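What follows is each chain in one-letter form.
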Amino acid sequence: MEILEFGDKNKRKLILIHGFQCPYQIWEEYIGHYKNDFHIIVPVMPGHHPQKQEDFSSFSQVSEALEDYYLSRYGKEVYAVFGMSMGGVLAATLWQNGRLHIEKIIFDGSPLVPFKGIVKNVILRFYLNVTRKTRQRDPKTLAQAEKICPPKYMHPFLQVIDAMSDTTIRNYIDGISRFRLREDLNTGDTKIYYYYGSAFNEMLAKKSARLIAAHFTGSTVTCFKGKGHCENTLFHPDLMMKELDPILIPSLL
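Being a predicted model, the structure only gives us computed values, none of them experimental.

A.B. asks: So what's going on with the packing of helix α4 (residues 117-135) against helix α7 (residues 166-178)? Residues and values would help.
C.D. replies: Their axes nearest at 10 Å, the elements α4 and α7 cross at an angle of 150°. Relative to α7, the element α4 is oriented roughly antiparallel. For the element pair α4 and α7, the recorded crossing hand is right-handed. Along its contact with α4, which presents K120, I123, L124, Y127, L128, T131 and R135, the element α7 presents D166, I169, R170, I173, D174 and S177.

Printed below as a string of structure tokens:
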């Protein structure tokens, strides 16, 4: 796993974690917007580096590697972690582990409840099939890809797809399908924010939002009406940053 860093290392730390099969470059506008206020850390999740063959094994393994890296350089204090989709599973794992003290944790469409059996198999077959067709540059599949990845990041997206192994896909889906955020987790002074859309492809996110609202007093849950999975974060960063600014920079309120 490669870990990228941007901005002044003496400033508060903001960790941005991308989603499954999403290139890390989708954070470019966020980095440009926040690098003067924070030191930004962007892990490139295993299996998502365009020039490196690296299989993903488990979220516990990746979280340990990221924690060891962070603790050796900056201590345990983290101002904020923003996890998009699958990235939120890693963010939640970091939170549950307790090795880092996270002041604010932000999820967008993250699957924080498990799914098994038929649902898991359908999702796995979907990703294996779509990945294969994308590698073949099937025109219909590429047209569909533009609905989940902004066109300006299509080149790095295709690089990620070309480099990702079926083993990595299977391990990610397995890890995501088994993950459940602990309901008895002691939040301490950590502030929790959860965003999700109302479209059909947000079914898991809706369940996760209900879990957050039911078990974590003081959390903030926001539904973007009519929006799909991580739609604002991916396609409308200006809108998403308007949501994030008051959270990350309270003086803007």
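A.B. asks: Explain the pairing of strand β3 (residues 39-44) to me, and be specific about the residues and the numbers.
C.D. replies: In terms of residue burial, β3 counts as a mostly covered element, since 6 of its 6 residues are buried. The side-chain alternation of β3 yields two buried faces, one formed by H39, I41 and P43 and the other by I40, V42 and V44. Bridging between strand β2 (residues 13-17) and β3 involves 3 bridges; their strand directions are parallel. Residue pairing for β3: L14 is matched across the bridge by I40. After leaving β2, the chain enters helix α1 (residues 28-34) and then returns to the sheet as β3, a path that is right-handed.

A.B. asks: Help me get a handle on the nonpolar core, residues and values and all.
C.D. replies: Ranked by size, the top nonpolar core spans 48 residues in total, and within it F59, W95, F107 and L181 carry the most contacts. When neighbours within four sequence positions are excluded, W95 is seen to be in contact with I102, I105, F107, L181, L185, T187, T190, I192 and F216. L16, V44, Y153 and L244 belong to the second largest nonpolar core, which has 36 residues in total.

A.B. asks: Describe the sheet that holds β3, naming the residues involved and giving the relevant values.
C.D. replies: Pairing in this open sheet of 7 strands is mixed, and the strands run β1-β3-β2-β4-β5-β6-β7 from one edge to the other. Single-partner strands in this sheet number two, and they are β1 (2-6) and β7 (220-224). Looking at each pair of strands side by side, their axes are set apart by 15° on average, direction ignored. Strands β1, β2, β3 and β4 (77-84) of the sheet are contacted by helix α2 (residues 59-74), whose axis makes an angle of about 40° with β1. Sheet strands in contact with helix α8 (residues 203-215) are β6 (191-197) and β7, and its direction is about 155° off that of β6.

A.B. asks: How would you sum up unusual backbone geometry? Please name residues and give values.
C.D. replies: The phi angle at S85 is positive, at roughly 50°, despite the residue not being glycine. Relative to the assigned elements, S85 resides in the loop between β4 and α3 (87-97). Judged by relative accessible area, S85 falls into the buried class, the value being 15%. With phi around 60°, R137 is a residue other than glycine that occupies positive phi space. Topologically, R137 is positioned in the loop between α4 and α5 (139-145).

A.B. asks: Hey, could you go over the pattern of salt bridges for me, with residue numbers and the actual values?
C.D. replies: Under the defined criterion, the tally for this structure stands at 9 salt bridges. As a salt-bridge pair, R137 and D162 come within 2.7 Å of each other at their nearest N and O atoms. Within this pair, whereas R137 is found in the loop between α4 and α5, its partner D162 is found in helix α6 (residues 154-163), the two being separated by 25 residues in sequence. Here R137 falls in the partly exposed class, since its relative accessible area comes to 33%. Note that D184 is salt-bridged to R182, the shortest N-O span being 3.2 Å. Of the residues examined, D184 reaches a relative accessible area of 61% and is grouped as exposed.

Conventions adopted
Residues numbered from 1 in each chain as written. Predicted model: local features only at pLDDT ≥ 70, side-chain atom pairs only at ≥ 80, totals over all residues. Heavy atoms only, no water. Axes fitted to C-alpha atoms, helices over the stretch in contact; angles between N-to-C directions. Helix = DSSP H or I, 4+ residues; strand = E, 2+ residues; numbered from the N terminus. Parallel < 35°, antiparallel > 145°, perpendicular 65-115°, else oblique. Left-handed = near helix turned anticlockwise from the far one by under 90°. Contact = heavy atoms within 4.5 Å. Buried < 20%, exposed > 50% of the residue type's maximum accessible area, 1.4 Å probe, protein only. Pairing = 2+ DSSP bridges. Right-handed = clockwise from strand over helix to strand, strands pointing away. Core = buried A, V, L, I, M, F, W, Y, C linked by side-chain atoms within 4.5 Å. Salt bridge = Lys/Arg side-chain N within 4 Å of Asp/Glu carboxyl O.

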